Amino acid sequence: MHEIKRDLVIIGGGPAGLAAAAAARQAGCEDVLLIERDRILGGILNQCIHDGFGLHRFGEALTGPEYAQRYIDEIRDLHIETLLGTIVLSMDRERNLTVSSRKGYTRINAGTVVLAMGCRERTAGAISLPGTRPSGIYTAGAAQNFINLQNIMVGRRAVILGSGDIGLIMARRMTLEGAKVEAVFEILPYASGLPRNIQQCLNDYDIPLHLSTSIIEVHGKDRLTGVTVAEMDHFQPVPGTERFVSCDTLLLSVGLIPENELSAGASVKMESRTSGAFVDDTFMTSIPGVFSCGNVLHVHDLVDHVSEEAALAGEFACRYLGEDISQADTPIVIEPKSGVRYVLPQQVSGKSDFTLSLRVTEPSRDRAVWVRDGDRKVARKKLVRLHPAEMIRVKIKKDKLETARKLEVSVE
Ligand SMILES: Cc1cc2nc3c(=O)[nH]c(=O)nc-3n(C[C@H](O)[C@H](O)[C@H](O)COP(=O)(O)OP(=O)(O)OC[C@H]3O[C@@H](n4cnc5c(N)ncnc54)[C@H](O)[C@@H]3O)c2cc1C
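Every value quoted in this text rests on a predicted model; they were computed, and no experiment measured them.

**Focus on the overall build of the protein**
From N to C terminus, the protein includes seven helices and 30 strands. In terms of C-alpha radius of gyration, the protein reaches 22 Å, essentially the compact-globule figure of 22 Å for 412 residues. Summarising its shape, the C-alpha atoms of the protein cover approximately 65 × 60 × 40 Å along the three principal directions. By residue count, 45% of the 412 residues in the protein fall in the buried class. Taking as baseline every contact in the protein between residues at least 6 positions apart, the subset at least 24 positions apart corresponds to 63%.

Quick look at the structure:
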């Protein structure tokens, strides 16, 4: 097998990998290699032809491909080497990567690695969807790929299960392409997607959203003929509420799973709440010199935050090559408490300011996120509206951390 050495290797050429590569080069790393399994850069953004990307980062509403192109141009201007059509098959704790392309296998020893592999969608099997398995059932992202990139219409009469952002965006896309979207059904008592997408993708097109409702049976032999839905109480169907909805297409928007097979293969310490790596405030994982960012670290709602986070990971990966950025002997651990689903990073050195990212467990209004060191207030952020779909970010100053050993984050 061909063997090479590289200083900094980034796995994944989506918005996270692109931003990490550009930042690493700008921080002074001359030897950056970006590896992408697809034949083009840009990741999931290539199929997101709707606008709404880049409002924070560029102050403009861009389409996904337009947003990606800004970074692709930067990568080209910075003369960063990219390997397209190349998949990283494995990684070990010494940062040896096995890579496959049409040219064959290559072993790359990397001085530092940035993991930016994004995430994939939950499928019918993953949620044990009850009933038959006829054609006409797609994940929302797969349908988006067929319609937006391959010009293939997936159906004429659709039902959408799950109110995640991709499902909402696809409800609008299917309608614009001439299909009838019967309804979106959501098992939870609140929508999982961003409020702006509920308005712009459902309400503006008179597509009904039924909360606390789910599919209890799929019907059809060759092609889908319909679904039986029922109201749900504590995830159990309420007897007597069942009804049949005729449709030829079912789109699933029931969650994303970070693609962490490479991380798991190298025994990177994982965090069950995010399904991503356990990281510190430099985005370094439990393996020295291996960093993680973007959707493979935790599922983001805004690509602008992906780019910001990944740029930091790229910069720290570059610094790792020349200086000791490892954590203090006794790092400060950060734990989610009442009303908080997860926090990130999970530990910090206390030597620098950092931004805490978190998601709440349920929607609420007029509450505050508290960050405490025992009884001492470290930070507090008041919010009018809190929603699990919207990531909350809180800036923490290092001078508040001098004596801290453990930070607890809660909603009160
Ligand atoms: C359908 C959809 C709609 C969205 N709409 C919006 C929106 O309106 N506004 C907004 O701000 N955000 C939106 N987002 C969110 C945003 O697009 C994502 O947060 C962002 O794309 C995540 O970037 P990423 O680089 O982490 O992952 P990805 O974009 O998924 O990129 C990961 C890349 O890694 C590559 N890869 C994976 N494994 C390997 C491997 N082993 N070897 C080589 N390459 C590998 C993949 O091929 C892929 O190109 C949307 C997301 C989706 C899915």
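**Looking at the nonpolar core**
Core analysis: the largest hydrophobic core is formed by 84 residues, its most contacted members being Ile10, Ala20, Ala116 and Phe291. It is helix 7 (residues 303-320) that provides the largest number of residues to this core, a total of nine residues. Domain assignment of the residues forming this core places at least three in each of domain 1 (1-120 + 256-326) and domain 3 (327-412). With residues up to four places along the chain from it excluded, the contact list for Ala20 reads Ile10, Val114, Ala116, Cys293, Ala310, Ala311, Ala313 and Gly314. Grouped together as the second largest cluster of nonpolar side chains are 36 residues, Ile166, Met174, Val218 and Ala230 included.

**Focus on the site of the ligand**
Taken together, 37 residues lie near the ligand, and Gly12, Gly14, Gly43, Gly118 and Gly294 sit nearest. Contributing elements (two or more residues each) for the shell around the ligand: helix 1 (15-26), strand 3 (51-53), strand 6 (87-91), helix 3 (140-150), helix 4 (165-176) and helix 7. Taken together, the residues of the shell around the ligand sort by class into 19 nonpolar, 12 polar and six charged. Of the residues that make up the shell around the ligand, three or more belong to each of domain 1 (1-120 + 256-326) and domain 2 (123-254).

**Digging into the domain arrangement of the protein**
The domain boundaries assigned to the protein delineate domain 1 (1-120 + 256-326), domain 2 (123-254) and domain 3 (327-412). Each of domain 2 and domain 3 has a C-alpha centre, and these two points are 35 Å apart. Each side of the interface is counted separately: domain 2 has five residues, and domain 3 has five residues.

**Overview of unusual backbone geometry**
Excluding glycine, a negative phi dihedral is what most residues carry, and trans is how most peptide bonds are arranged. Here the residue pair Leu344 and Pro345 is connected by a cis peptide bond, since its omega of 0° sits within 30 degrees of zero. A positive phi angle, close to 55°, is found at Asp206, a residue other than glycine. Secondary-structure assignment places Asp206 in the loop between helix 5 (195-202) and strand 13 (209-210). A positive phi angle, close to 50°, is found at Ser212, a residue other than glycine. Considering the arrangement of structural elements, one finds Ser212 in the loop between strand 13 and strand 14 (213-219). When the 18 C-beta atoms within 10 Å are taken as the criterion, Ser212 is described as partly exposed.

**So, helix 7**
In a regular helix each residue adds 1.5 Å, so 18 residues correspond to 26 Å; helix 7 covers 25 Å between its end C-alpha atoms and thus fits that length. Within helix 7, 13 of the 18 residues are buried, leaving the element largely enclosed by the surrounding structure.

**Observations concerning the environment of Gly265**
Tracing the sequence through the fold places Gly265 in helix 6 (residues 261-265). In this structure Gly265 comes out as partly exposed when scored by C-beta crowding, with 14 C-beta atoms within 10 Å. Counting along the chain gives 176 residues from Gly265 to Leu89, while the straight-line C-alpha distance between them is 9.8 Å. Once residues within four sequence positions are removed from consideration, Gly265 is found in contact with Ser90 and Met91.

**Points about the pairing of strand 7 (residues 96-101)**
Across four bridges, the pairing between strand 6 and strand 7 is antiparallel. Within strand 7, the residue paired with Met91 across the bridge is Leu97. Between the antiparallel neighbours strand 6 and strand 7 lie four residues, among them Arg95 with a positive phi of about 65°. The pairing of strand 7 with strand 8 (residues 104-115) spans six bridges and is antiparallel. Residue pairing for strand 8: Val99 is matched across the bridge by Thr106.

About the cut-offs
Residues numbered from 1 in each chain as written. Predicted model: local features only at pLDDT ≥ 70, side-chain atom pairs only at ≥ 80, totals over all residues. Helix = DSSP H or I, 4+ residues; strand = E, 2+ residues; numbered from the N terminus. Rg over C-alpha atoms; globule rule 2.2 N^0.38 Å. Buried ≥ 20, exposed ≤ 12 C-beta atoms within 10 Å, placed from the backbone. Contact = placed C-beta atoms within 7 Å. Core = buried A, V, L, I, M, F, W, Y, C linked by C-beta atoms within 7 Å. Domains from an automatic or database assignment. Near = placed C-beta within 6 Å. Nonpolar A, V, L, I, M, F, W, Y, C, P; charged D, E, K, R; others polar. Expected span 1.5 Å × (residues − 1). Pairing = 2+ DSSP bridges.

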